[in-house]
Amino acid sequence: MAADSDLFARHRARLFGVAYRMLGTRSDAEDVLQDAWLRWHAQDQQALASAEAWLVTVVTRLCIDRLRQLQQERQHYVGHWLPEPLVDLSDSSPEIDLFGQARLAPSPEALLEQHSDVSFAYLLLLERLKPEERAAFLLREVFDNDYPDIAAILQKSEAGCRQLVHRARERLASHDAATPATPASAAPRKPLRAASSTVTRETHALLLEKFMQAVQSGQREAMVGLLAEDARLIGDGGGKVSSFPHPLAGGERISWLYYANRRRFGERIRYRAAWINGSPGLLRYIDDMLESAQVLETEDGRIREIYVVRNPDKLKAIAQSMGDGA
């Protein structure tokens, strides 16, 4: 039993990477891994040619089935659906000091978050794909599987898998078309990806530092200077807390929103820096309770997209990882 557990644990990061990219939520990804774990222990492992290949196959097929259900559910989601944030607050081996408040660097458990293919914008684009297209595309483009391996995982011909990947690329290339899961008004205008190089991460972190100082102190003019003129803010309340039914467009309007929050809550509102899906982001607290996780996507030295996750169900794991949420 211990050896079985060790083997599963050895591959867990890769399995979680597959599941999260397929489903977009930590909770669903964890559920899939739990199911895979049970099947793993019921399997005659001595008969397996490759434990990793078997586990990836099981997780991928479970994700395809689960994603079919989720896509139906997301058609009835209240407001805009955003991925569940992956947040890292590690202070070991720091790469970037975000204004002395938190020295943030991905921990070994959070290596997944370093990759550009888990950025919010990228995950939202993946929502345009059908489950099998998404699986084939990720296995090929992200995990670099060969087509014979993809064919074995999906139980399709190599030609069929090539066609799935081709269709996926075409769908992503024509991302201006709307889908129920990602309305055109909320869709990212281009596949912005998380900061990956050290230089880019440092530049992004410095921009975040200035923005956080501006919103914390209510300096609206400073906010406007950091926001792109055509910046957008997209919120996800899941119907459980208030959020904008449509994206808030324009740096000027977004600055007034942050300014109004500052005027309303005063010292009761505070922000904390964190890596969120590979990018520097903000955790906002009101009365010391986690209220939202905010991802800032930048381009040409300005903040272009802000994704604000307020749905309490998507914040639970973050709050739990920090104990009392403070």
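Whatever comes next refers back to the structure up there.
The model shown is predicted, which means the values in this text are computed figures rather than measured ones. (Residues numbered from 1 in each chain as written. Predicted model: local features only at pLDDT ≥ 70, side-chain atom pairs only at ≥ 80, totals over all residues. Heavy atoms only, no water.)

K.L.:
Explain the sheet that holds strand E8 (residues 289–299) to me, please; I cannot follow it from the model alone.
P.N.:
Strands in a sheet are paired, the pairing made by backbone hydrogen bonds, and the direction either parallel or antiparallel. The seven strands are arranged E1-E6-E7-E8-E9-E4-E5 in an open sheet whose pairing can be described as mixed. Either end of the sheet is taken by a strand with one partner, and the two such strands are strand E1 (87–88) and strand E5 (248–249). Looking at chain direction, strand E4 (residues 227–236) and E5 are connected through two bridges and run antiparallel. Residue pairing across strands places Leu 233 opposite Leu 248, the latter belonging to E5. Running over the sheet, helix H10 (residues 251–265) touches E4, E5, strand E6 (269–276), strand E7 (279–286), E8 and strand E9 (302–309) and is turned about 55° from E4. (Pairing = 2+ DSSP bridges. Helix = DSSP H or I, 4+ residues; strand = E, 2+ residues; numbered from the N terminus. Contact = heavy atoms within 4.5 Å. Axes fitted to C-alpha atoms, helices over the stretch in contact; angles between N-to-C directions.)

K.L.:
Is there a simple way to explain the pattern of salt bridges in this structure?
P.N.:
A side chain of one charge can pair with a side chain of the opposite charge if their charged atoms are brought near each other. Scanning the model with the defined rule gives 24 salt bridges in all. Here Arg 169 makes a salt bridge to Glu 141, at a shortest N to O gap of 2.2 Å. On the criterion of sequence distance, the pair formed by Arg 169 in helix H7 (residues 158–173) and Glu 141 in helix H5 (residues 131–142) is long-range, its members being 28 residues apart. What makes Arg 169 partly exposed here is its relative accessible area of 41%. Given a relative accessible area of 37%, Glu 141 falls into the partly exposed group. Each of the salt bridges in this network shares a partner with another, and the network as a whole consists of Asp 65, Arg 68, Glu 132 and Lys 156. (Salt bridge = Lys/Arg side-chain N within 4 Å of Asp/Glu carboxyl O. Buried < 20%, exposed > 50% of the residue type's maximum accessible area, 1.4 Å probe, protein only.)

K.L.:
Just checking my understanding: could you explain the pairing of E7 for this structure?
P.N.:
Across a regular strand the side chains alternate sides, sitting on one face of the sheet and then on the other. In terms of burial, E7 is largely enclosed, as eight of its eight residues are buried. On E7, burial covers both faces: Ser 279, Gly 281, Leu 283 and Tyr 285 on one face and Pro 280, Leu 282, Arg 284 and Ile 286 on the other are all buried. Linking E6 back to E7 in an antiparallel pair, the connection comprises two residues, with Asn 277 at a positive phi of about 50°. Both E7 and E8 contribute to a ladder of six bridges, which runs antiparallel.

Read these as geometric descriptors, not functional statements.
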